[in-house]
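Per-entry structural report
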Protein chains: 2
Amino acid sequence: MNDAPCALVAVDWGTSHLRVWALGSRGEVIGGRKSDEGMASTPRDQFAAVLESHLQALSVASDIPVVMCGMVGSRQGWVEAGYLGVPAELREISENAVRISGGTRDIRILPGLSKNSPEHPDVMRGEETQLVGLSRLVPAAGGDTRVVCMPGTHSKWVHLTGQRVEDFASFMTGEMFSALSGHSVLRHSLSTGRVDPKSTAFLEAVRSSIDSPSDISARLFSIRPAGLLQDLAPDNARAKLSGYLIGEEIAGAISRFPVPGTIELVGGGDLGRLYLAALSVASIDCRVHDGDQLVRAGLTEAASAIWKNAKRLAPGND
Amino acid sequence: MNDAPCALVAVDWGTSHLRVWALGSRGEVIGGRKSDEGMASTPRDQFAAVLESHLQALSVASDIPVVMCGMVGSRQGWVEAGYLGVPAELREISENAVRISGGTRDIRILPGLSKNSPEHPDVMRGEETQLVGLSRLVPAAGGDTRVVCMPGTHSKWVHLTGQRVEDFASFMTGEMFSALSGHSVLRHSLSTGRVDPKSTAFLEAVRSSIDSPSDISARLFSIRPAGLLQDLAPDNARAKLSGYLIGEEIAGAISRFPVPGTIELVGGGDLGRLYLAALSVASIDCRVHDGDQLVRAGLTEAASAIWKNAKRLAPGND
């Protein structure tokens, strides 16, 4: 924790994790907390106490505003912050923030985004704030089309035009990987190691799914007989499962969105490196963004709009 | 158990179940046993004792031959019966039966089929005997192409030309249903009831996957927001999951095999009715066959070939 005065607290409160950052007047991080007190493990009447314990630990004065995003705003969270239907302008996200009543602090929760289409309903909560952050850190020209890929348990792909979210879709890739690697016959074939994004097994698997996406459920099964008949190594089996599923996601995203030659990829780390390699198989280049940095920038941007009179909350504009 | 003399014992010994039938000289069932002493729960040194207990219960004399198929012939089974590579003639299956050494009974295990292709290896064990039975009960003309669909945990699709297995593929459909309904976010959205094959939710889901198979992992996720945003009923959520996965399997099979207007569907029961309805969405008609009947006919046919001098084992030819 450095000695600059705290101007804003930014909170990303997801299903399984809680991140709290104390930010200075220029958006710089002056202190942070990380915890596994996620929404799912926090009883409704404990949200206030959990947050307060972290704010105390960061010595945040009671007049400093707090802005939050993520599952904390879901029906099972602290206070429901609803969903904004797409298409939506990014500025509408802060306009629809919900204030938590009672207490001495000014605390707001940002809404999620939803798509209420009969054929393909969808929701996101948390990622919309990263989109706000992306738009702040890497502004798009007015009518520019951008496609954003946000890998994860439920990966999101988003189609933006300027500051407007046109459409998005979630892909079950991460969760299918967990379910199949832990709870299917494939569990006998896989290592538990890290997948090498440069391995032939991974890259060829991505290519197979992109080239013939209709065949995914046969392709997934083939990992088992490849172990029986061809001594497929457990590390390569794991790489194939990952590659088949990520390739299928890319095939679906390409069929759904006007994917340009360069997209915005949110997330470094091991998963980001796998997506970067997989996207290159599809001849898609990426600008890579750090997810935490985007969410902080998005929360800061939202705070600037919510508390307009507090000029200290507009870092980057001074 | 009726009073006709037993001429053959037919055994289908799978991963989780064991079926034993005492058959008369015309292939008629004169007694049967069903048990959950599957291959997976039977220690290697107990296979002989388990089988003998059922033969004793059926009062089968020690000179009656026994023919078996299924996972009992796998590496983890009683004695490994290997795999025959495809393309293969159906008669090669009985020609490659493995005899169990020692003991007083003449017991044979039929091999499985394998496909050792670098891009798509595959195996089956048990279903090959149903193919032999199908060919016996519903003979094909010499060069006729037939496609067989065998729904299950790992559904099999098989391409036959006359008596020859040209190609086959396994689809993880049943296991993906179990893994996703039990171990993903979708578990919150699904009922535990039976899926109605006539329901709009099921049929529309099949249609979606057939029409845009690349989109499967986004489509699967959409079941969750449909519950949140559109009050999708849990029965319909289950029907959608089933329909999306079965539709994806059909899309894959169509892209892989020369599927004619009428195929052979193995399996009645609830699952067979779902496939029958799903295939009709793809304008594919089915001749429906009972799986147990096919496996008995296949074991009987194999026995006739193995013990050629025992004319009593050629029911249907007299």
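Residues numbered from 1 in each chain as written. Chains lettered and ligands numbered in written order. Predicted model: local features only at pLDDT ≥ 70, side-chain atom pairs only at ≥ 80, totals over all residues. Heavy atoms only, no water.

Counting residues in hydrophobic clusters, the biggest one holds 38 residues, and the most contacted among them are Leu220(A), Leu241(A), Leu220(B) and Leu241(B). Contributing elements (two or more residues each) for this core: helix H4 (173-183), helix H6 (216-221), helix H7 (223-230) and helix H8 (234-256) of chain A together with helix H4 (173-183), helix H6 (216-230) and helix H7 (234-256) of chain B. Here this core gets 5 residues from one element, more than from any other, and that element is H6(B). The contact partners of Leu241(B), leaving out residues within four places of it in the chain, are Phe177(B), Leu180(B), Ser181(B), Leu186(B), Leu190(B), Leu220(B) and Ile223(B). (Core = buried A, V, L, I, M, F, W, Y, C linked by side-chain atoms within 4.5 Å. Buried < 20%, exposed > 50% of the residue type's maximum accessible area, 1.4 Å probe, protein only. Helix = DSSP H or I, 4+ residues; strand = E, 2+ residues; numbered from the N terminus. Contact = heavy atoms within 4.5 Å.)

Our next topic: the packing of H6(B) against H7(B). Residues and elements named next belong to chain B. Orientation of H6 relative to H7, taken along the N-to-C sense of each, is 170 degrees, at an axis distance of 9 Å. In terms of their interaxial angle, H6 and H7 are classed as roughly antiparallel. Across the interface between the two elements, Ile-216, Arg-219, Leu-220, Ser-222 and Ile-223 of H6 pack against Ala-237, Lys-240, Leu-241, Tyr-244, Leu-245 and Glu-248 of H7. Across the contact of H6 with H7, the residue classes tally to 7 nonpolar, 1 polar and 3 charged. (Axes fitted to C-alpha atoms, helices over the stretch in contact; angles between N-to-C directions. Parallel < 35°, antiparallel > 145°, perpendicular 65-115°, else oblique. Nonpolar A, V, L, I, M, F, W, Y, C, P; charged D, E, K, R; others polar.)

Bringing the packing of H4(A) against H4(B) into the picture now. For any two helices packed against each other, the geometry comes down to the angle between their axes and how far apart the axes lie. At a closest axis distance of 9 Å, the pairing of H4(A) and H4(B) adopts a crossing angle of 110 degrees. With respect to H4(B), the axis of H4(A) lies roughly perpendicular. Relative to H4(B), H4(A) is oriented so that their crossing is right-handed. In contact with Glu175(A), Met176(A), Ala179(A), Leu180(A) and His183(A) of H4(A), H4(B) contributes Glu175(B), Met176(B), Ala179(B), Leu180(B) and His183(B). Here the contact of H4(A) with H4(B) is composed, by residue class, of 6 nonpolar, 2 polar and 2 charged. (Left-handed = near helix turned anticlockwise from the far one by under 90°.)

Along its 23 residues, H8(A) runs 33 Å from first to last C-alpha, staying within 8% of the 33 Å computed at 1.5 Å per residue. For H8(A), the tally of buried residues reaches 17 of 23 residues, placing the bulk of the element in the interior. (Expected span 1.5 Å × (residues − 1).)

With an RMSD of 0.0 Å, chain B superimposes on chain A once it is rotated by 180 degrees and translated 0.0 Å along the axis. Both copies are brought into coincidence by an operation consistent with a two-fold rotation axis. Mapped onto chain A, 100% of the interface residues of chain B again fall at the interface, so both copies present the same surface. (Least-squares fit on C-alpha atoms with pLDDT ≥ 70 in both.)

A word on empty space enclosed by the protein. Leftover empty space is mapped by rolling, across the atoms, a probe with the size of a water molecule. The full count for this structure, using the stated rule, is 2 cavities of 30 Å³ or more. Looking at the largest cavity, its volume works out to about 40 Å³. In terms of lining residues, the largest cavity is bounded by Ile216(A), Ser217(A), Thr173(B), Met176(B), Ile216(B), Leu245(B) and Glu248(B). For the lining of the largest cavity, the secondary structure elements donating two or more residues are H6 of chain A together with H4 and H7 of chain B. Class assignment for the residues of the lining of the largest cavity results in 4 nonpolar, 2 polar and 1 charged. (1 Å grid on protein atoms, 1.4 Å probe; cavity = no way out; pocket = protein on both sides within 12 Å on 5 of 7 lines; lining within 4 Å. Points joined across faces, edges and corners; volume = space filled by probe spheres on them.)

All names here are of chain B. With respect to burial, strand E11 (residues 145-150) is a largely interior element, 5 of its 6 residues being buried. Looking at chain direction, E11 and strand E12 (residues 155-161) are connected through 6 bridges and run antiparallel. Residue pairing in the sheet places Cys-149 in a bridge with Trp-157 of E12. A loop of 4 residues connects E11 with E12, the two strands running antiparallel in sequence. (Pairing = 2+ DSSP bridges.)

Attention now moves to the interface of chain B and chain A. Taken together, the contacts link 46 residues of chain B with 46 residues of chain A. With a shortest N-O distance of 2.3 Å, Asp215(A) and Arg256(B) are connected by a salt bridge. Counting every contact that joins chain B to chain A gives 13 residue pairs in polar contact (both at pLDDT 80 or more). The element best represented in the side of chain B that touches chain A is H6(B), accounting for 12 residues. Looking at side-chain class alone, the side of chain B that touches chain A contains 21 nonpolar, 15 polar and 10 charged residues. (Salt bridge = Lys/Arg side-chain N within 4 Å of Asp/Glu carboxyl O. Polar contact = N/O pair within 3.5 Å; in protein donor to acceptor, adjacent residues only side chain to side chain.)

Let us now look at the sheet that holds strand E6 (residues 88-89) of chain A. Residues and elements named next belong to chain A. Strand order in this open sheet of 6 strands is E6-E13-E12-E11-E14-E15, and the pairing throughout is mixed. Edge positions in the sheet fall to E6 and strand E15 (285-289), since each of these pairs with one other strand and no more. Where strand E11 (residues 145-150) lies against strand E14 (residues 262-266), 2 bridges are found, and the strand directions are parallel. Paired with Cys-149 across the strands is Leu-265, a residue of E14. The strands that helix H3 (residues 127-137) touches are E11, strand E12 (155-161), strand E13 (164-171), E14 and E15; relative to E11, the one it contacts most, it runs at about 135 degrees.

Below, the discussion takes up the pattern of salt bridges. Counted by the stated rule, this structure contains 30 salt bridges over all chains. Close ionic contact of Glu52(B) with Arg105(B) constitutes a salt bridge, the shortest N to O distance being 2.9 Å. Of this pair, Glu52(B) sits in helix H1 (residues 47-57) while Arg105(B) sits in the loop between strand E7 (98-99) and strand E8 (107-109); the two residues are 53 residues apart in sequence, bridging distant segments of the chain. The class of Glu52(B) is partly exposed, set by a relative accessible area of 28%. With a shortest N-O distance of 2.9 Å, Asp270(B) and Arg273(B) are connected by a salt bridge. Taken as a pair, Asp270(B) and Arg273(B) lie in helix H8 (residues 269-281) at a separation of 3 residues, close to a single helical turn. Accessibility expressed as a relative area gives 43% for Arg273(B), which makes it partly exposed. Members of the salt-bridge network, linked through shared partners, are Glu89(A), Arg164(A) and Glu166(A).

Turning our eyes to something else, we now look at the sheet that holds strand E10 (residues 122-124) of chain A. Residues and elements named next belong to chain A. Taken together, the 3 strands give an open sheet; going across it, the order is E5-E9-E10, and neighbouring strands pair in mixed fashion. Since the sheet does not close on itself, it has two edges, and those belong to strand E5 (83-85) and E10, each with one partner. Taking each pair of neighbouring strands and ignoring which way they run, the sheet shows an average axis angle of 25 degrees. Bridge analysis of E5 against strand E9 (residues 112-115) gives 3 bridges, and the strand direction is parallel.

Here the focus is the domain arrangement of chain A. Residues and elements named next belong to chain A. If you check the domain split of chain A, you get domain 1 (8-170 + 291-313) and domain 2 (172-283). Taking only C-alpha atoms into account, the centre of domain 1 sits 30 Å from that of domain 2. Surface buried jointly by domain 1 and domain 2 totals about 1,800 Å² across both partners, of which 68% is contributed by carbon and sulfur atoms. Together, Val-147, Pro-151 and Trp-157 form the three largest contributors to the area buried by domain 1 at its contact with domain 2, with a combined 35%. On the surface where domain 1 and domain 2 come into contact, there are 0 salt bridges. (Domains from an automatic or database assignment. Buried area = accessible area lost by both parts, 1.4 Å probe.)

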